[in-house]
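Coordinate inspection notes
The lines below spell out each chain.
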Amino acid sequence: MAIKFGRPIEMRDAPRRQTGLASSPLDLTIRPRRNRKAEWARRLVRENVLTSDDLIWPLFVVDGHNTRTPVASMPGVDRLTVDQAVRDAERAMKLNIPCIALFPYTEPSLRDEHGSEALNPNNLVCQSVRAIKKEFPDIGVLCDVALDPFTSHGHDGLIEDGKILNDETVAVLVKQALVQAEAGCDVIAPSDMMDGRVGAIREALDDAGFLDVQIMSYAAKYASAFYGPFRDAIGSAKTLTGDKRTYQMDGANSDEALREVELDIAEGADMVMVKPGMPYLDIVRRVKDAFAMPTFVYQVSGEYAMVAAAAGNGWIDGDRAMMESLLGFKRAGADGILTYFAPKAAEKLKASS
Ligand SMILES: NCc1[nH]cc(CCC(=O)O)c1CC(=O)O
Ligand SMILES: [Mg+2]
């Protein structure tokens, strides 16, 4: 039957049904609400599900011992000393979260023009990877590759005369990725948006024998206002000079995201990511449809902060908004989500299963 506007065309001129009701019901053959009449019926026709398998939990690490320091702009999120990061890795394991992601707060005294601390095999990220992998070898550990937590100017790459250098930066990122792989990192995630870094990192990993280390590329990463709280958390908010619009993407563009993703896949990315999440759900859908790759989305710090702040003020139901936003990513085609809500969402999923 040909369907147009929700009603079989052949039935347009069918006679109205006679009913015994005083006020006659609408002549509707099709009533979509029937499938929503009860929870069991809704469960039966549900198209997408969120599970703890879909979650990657980003953690912030900081120097020190046995300390958790709240990040003011991200209520509920702490900077963790390495021992505490190990405890959260354990929590992730218990909640069936497959993977955690590590981001360092680097002491200002260790930051320089060149982001040299990124190449220190004993930096905070490498220490954390080793400590976590030692106790919990079965959890996935993802490390960001970019220089911004380590540079005095807060940019993801090297600067010369105010310009972010591409190829020179890639050479440093390759070394950073190797240092992380040597520490035991499972997934290298370049978030810098330099051209050609995925291919260069893949080649170097292979040459060094790290054939099984995966690459999840931040392939379509937009220059976004929603990274604000993250920059607080890693301490680059105050130092960042200018913006990142010469390397991160223009929020007006969509076709360009497909070209970026295509390049990263050609260069050897095992998984691709779109970032931020909620304002870019259309990009998630296009990327998934175009490439059928494992496609991830980052629900970034500003998205987290909006929900957490509104919930904290009693303006929205925080738990429901959290679950709705995460399910929205699945519906848009994401295979997984990097989210600061990971432990909370996983706890909720556990309680309801
Ligand atoms: N290259 C660094 C990086 N890796 C992840 C995020 C943002 C994550 C978030 O906001 O939660 C950023 C910030 C930026 O590009 O400025
Ligand atoms: Mg690119």
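- Under an unreviewed UniProt entry, the name given to the chain is Delta-aminolevulinic acid dehydratase, and the source organism is Bradyrhizobium australiense.
- Per UniProt, the comment on the chain under Subunit (unreviewed entry) is "Homooctamer."
- Taken directly from UniProt, the Catalytic activity (unreviewed entry) text for the chain runs: "2 5-aminolevulinate = porphobilinogen + 2 H2O + H(+)".

**Regarding the UniProt feature "binding site: Mg(2+)" (unreviewed entry) in the chain**
- If you check UniProt for "binding site: Mg(2+)" (unreviewed entry), the listed places come out as E260 in our numbering.
- As for its position among the elements, E260 is in helix 7 (residues 255-267).
- In this structure E260 comes out as buried when scored by relative accessible area, which is 15%.

**Overview of the site of ligand 1**
- For ligand 1, the set of nearby residues contains 18 residues, the closest of which are D156, K221, K275, S301 and Y340.
- One nitrogen or oxygen atom from the side chain of S191 is found 2.8 Å from a nitrogen atom belonging to ligand 1.
- At 2.7 Å, a side-chain N or O of R231 approaches an oxygen atom of ligand 1.
- Burial of ligand 1 by the protein chains amounts to 100% of its free accessible area of 400 Å².
- Of all the cavities here, the one that holds ligand 1 is the largest cavity.
- In terms of residue class, the shell around ligand 1 is made up of eight nonpolar, three polar and seven charged.

**What to know about the state of the cysteines**
- Summed over the entire model, instances satisfying the criterion amount to zero disulfides.
- Cysteine C126 is unpaired, with the sulfur of C143 as its nearest cysteine sulfur at 7.0 Å.
- Note on C126: relative accessible area 1%, which makes it buried.
- Judged by its relative accessible area of 0%, C143 is buried.

**Here's the deal with a negative patch on the surface**
- On the surface, a cluster of negative charge is contributed by E160, D161, D167, E168 and D195.
- Position of E168 among the secondary structure elements: in helix 4 (residues 167-183).
- For E168, a relative accessible area of 44% gives the class partly exposed.

**Considering empty space enclosed by the protein**
- Here the structure, examined in full by the defined rule, presents two cavities of 30 Å³ or more.
- The space that makes up the largest cavity amounts to roughly 140 Å³.
- Residue lining of the largest cavity: 17 residues in total, with D148, K221, Y227, F230 and K275 positioned closest to the centre.
- Elements with a minimum of two residues in the lining of the largest cavity: strand 11 (214-221) and helix 6 (228-234).
- Here the residues of the lining of the largest cavity sort into seven nonpolar, three polar and seven charged.
- Mapped by element, the contributors of at least two residues to the lining of the second largest cavity are strand 6 (99-104) and helix 4.
- Taken together, the residues of the lining of the second largest cavity break down into six nonpolar, two polar and one charged.

Procedures and definitions
- Residues numbered from 1 in each chain as written.
- Chains lettered and ligands numbered in written order.
- Predicted model: local features only at pLDDT ≥ 70, side-chain atom pairs only at ≥ 80, totals over all residues.
- Heavy atoms only, no water.
- UniProt positions renumbered as here; feature names shortened; annotations may be inferred.
- Helix = DSSP H or I, 4+ residues; strand = E, 2+ residues; numbered from the N terminus.
- Buried < 20%, exposed > 50% of the residue type's maximum accessible area, 1.4 Å probe, protein only.
- Near = heavy atom within 4 Å.
- Polar contact = N/O pair within 3.5 Å; in protein donor to acceptor, adjacent residues only side chain to side chain.
- Areas by Shrake-Rupley, 256 points an atom, 1.4 Å probe, with all protein chains shown as cover.
- 1 Å grid on protein atoms, 1.4 Å probe; cavity = no way out; pocket = protein on both sides within 12 Å on 5 of 7 lines; lining within 4 Å.
- Sits in = over half its atoms within 2 Å of the grid points.
- Nonpolar A, V, L, I, M, F, W, Y, C, P; charged D, E, K, R; others polar.
- Disulfide = S-S within 2.5 Å.
- Patch = residues over 30% accessible without salt bridge, like charges linked within 9 Å, V, L, I, M, F, W, Y side chains within 5 Å.
- Salt bridge = Lys/Arg side-chain N within 4 Å of Asp/Glu carboxyl O.
- Lys, Arg positive; Asp, Glu negative; His and termini not counted.
- Charge placed at Lys NZ, Arg CZ, Asp CG, Glu CD.
- Points joined across faces, edges and corners; volume = space filled by probe spheres on them.

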